[in-house]
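# Descriptive structure summary
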Amino acid sequence: MTEVTPPIADGQRVLKQPAISFEFFPPKTEEMEKSLWNTIKRLAPLAPSFVSVTYGAGGSTRERTHSTIARILAETELLPAAHLTCVGAARGEIDEIVRRYHDIGVRHIVALRGDPPGGIGTAFFTHPDGYQTSPELVASIKKRYPDIEVSVSAYPEKHPESRDFDADIDVLKAKVDAGATRAITQVFFDNDLYFRYLDRVRARGIFIPIVPGIMPMHNFRQARAFVTRAGTSVPDWLAAKFEGLDDDAETRKLVAATVAAGQVQKLNKHGVDTFHFYTMNRADLVFAICHLLGIRPAGAQKAA
């Protein structure tokens, strides 16, 4: 999970500066493209370990994901990680996507099963000639390109389609056995869920980093609807903090930053030193949260 430095003389622990990574999604319009690149330029000086770019349901954003990744490689010093799913394509098509990524210099893929083609809550199926599971996809990538690092997903509240936690962790174990070296969690808001999940994972002999996925809730109502469909619970205490703010975007933003910053600071105090931020292609809240974690732009001078 993490590395915590030894206690200093007075017994207090000194945590190293957290490692961070960011997730973006490929833009659909010219205006969204401009907004994304403003976000990338704002966040890049924070020196993330990598930045990932999502891949739409059924591969619907395939070319936009590829072009975004290619531009990040060409125009920045960032290390991009390309999302890839099993949905909507035969094995040969997916293998070709991986080959194209490798050819342009991508050395990190986030390999996922993917959502059902009809959306969350509908029946899941893949292409009859495609990869049927994420462990199959991970194994194929690692067999053909051993130099590609593969990250996968993890679910502190278990995947909504899993029978139980044991079955869910069986899948994670299969992904690790296939070659995955990092897991990034689905968003969660109760840190106890993460630590209980981590205990279960470690008890099964899984020792890869389990990186918390953090999402500042820019628009609480929309974000709650999205995350609950994916199996994330939203505590009543969190909903209460956004009561009465539906038409007050500025205050919502302050509350969202405060909540997310509090979450990561508490995780950090308990030894978590790596975080993955779901940015929603916005820089403001993530930048502020990183600042509160002690992360400053490269070259920034400390205040006098």
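Residues numbered from 1 in each chain as written. Predicted model: local features only at pLDDT ≥ 70, side-chain atom pairs only at ≥ 80, totals over all residues. Heavy atoms only, no water.

### Things to note about the overall build of the protein
Broken down by element type, the protein carries 10 helices and nine strands. By the burial criterion, 49% of the 304 residues in the protein qualify as buried. Partitioning the intrachain contacts of the protein with sequence separation of at least 6 by distance along the chain shows that 77% fall at a separation of at least 24. Surface summary for the protein: the accessible area is close to 14,800 Å², and the carbon and sulfur share equals 52%. (Helix = DSSP H or I, 4+ residues; strand = E, 2+ residues; numbered from the N terminus. Buried < 20%, exposed > 50% of the residue type's maximum accessible area, 1.4 Å probe, protein only. Contact = heavy atoms within 4.5 Å. Areas by Shrake-Rupley, 256 points an atom, 1.4 Å probe, with all protein chains shown as cover.)

### Observations concerning the nonpolar core
Ranked by internal contacts, the top residues of the largest apolar core, which has 63 residues, are Phe22, Leu84, Ile141, Leu172, Ile210 and Phe277. With 24 residues, the next largest nonpolar core counts Met215, Phe242, Leu245 and Val259 among its residues. (Core = buried A, V, L, I, M, F, W, Y, C linked by side-chain atoms within 4.5 Å.)

### Topic: the pattern of salt bridges
Any two side chains of opposite charge can pair, so long as their charged atoms come close to each other. If you walk through the whole model with that rule in mind, you get 17 salt bridges. In this structure, Asp246 and Arg221 form a salt bridge, with 2.3 Å as the shortest nitrogen-oxygen distance. Of this pair, Asp246 sits in the loop between helix H8 (236-241) and helix H9 (249-269) while Arg221 sits in helix H7 (residues 220-229), and the two are 25 residues apart along the sequence. One network of salt bridges, with partners in common, ties together Glu33, Arg71 and Glu75. (Salt bridge = Lys/Arg side-chain N within 4 Å of Asp/Glu carboxyl O.)

### Let's talk about the environment of Glu243
By the secondary structure assignment, Glu243 is in the loop between H8 and H9. Judged by relative accessible area, which is 61%, Glu243 ranks as exposed. Through-space distance from the C-alpha of Glu243 to that of Arg221 is 10.0 Å; in sequence the pair is 22 residues apart.

### Some remarks on helix H2 (residues 62-75)
Under the 1.5 Å per step criterion, the end-to-end length of H2 is 20 Å for 14 residues, consistent within 8% with the ideal 20 Å. Buried residues of H2: Arg62, Thr65, His66, Thr68, Ile69 and Ile72, and no others. Buried positions in H2, seen along its axis, are confined to an arc of 165° and lie on one side of it. Exposed side chains of H2 directed beyond 90 degrees from the buried face belong to Ala74 and Glu75. Where H2 is buried, its residues touch helix H1 (30-43), strand E2 (50-53), strand E3 (80-85) and helix H3 (91-104). (Expected span 1.5 Å × (residues − 1). Arc of directions from axis to C-beta.)

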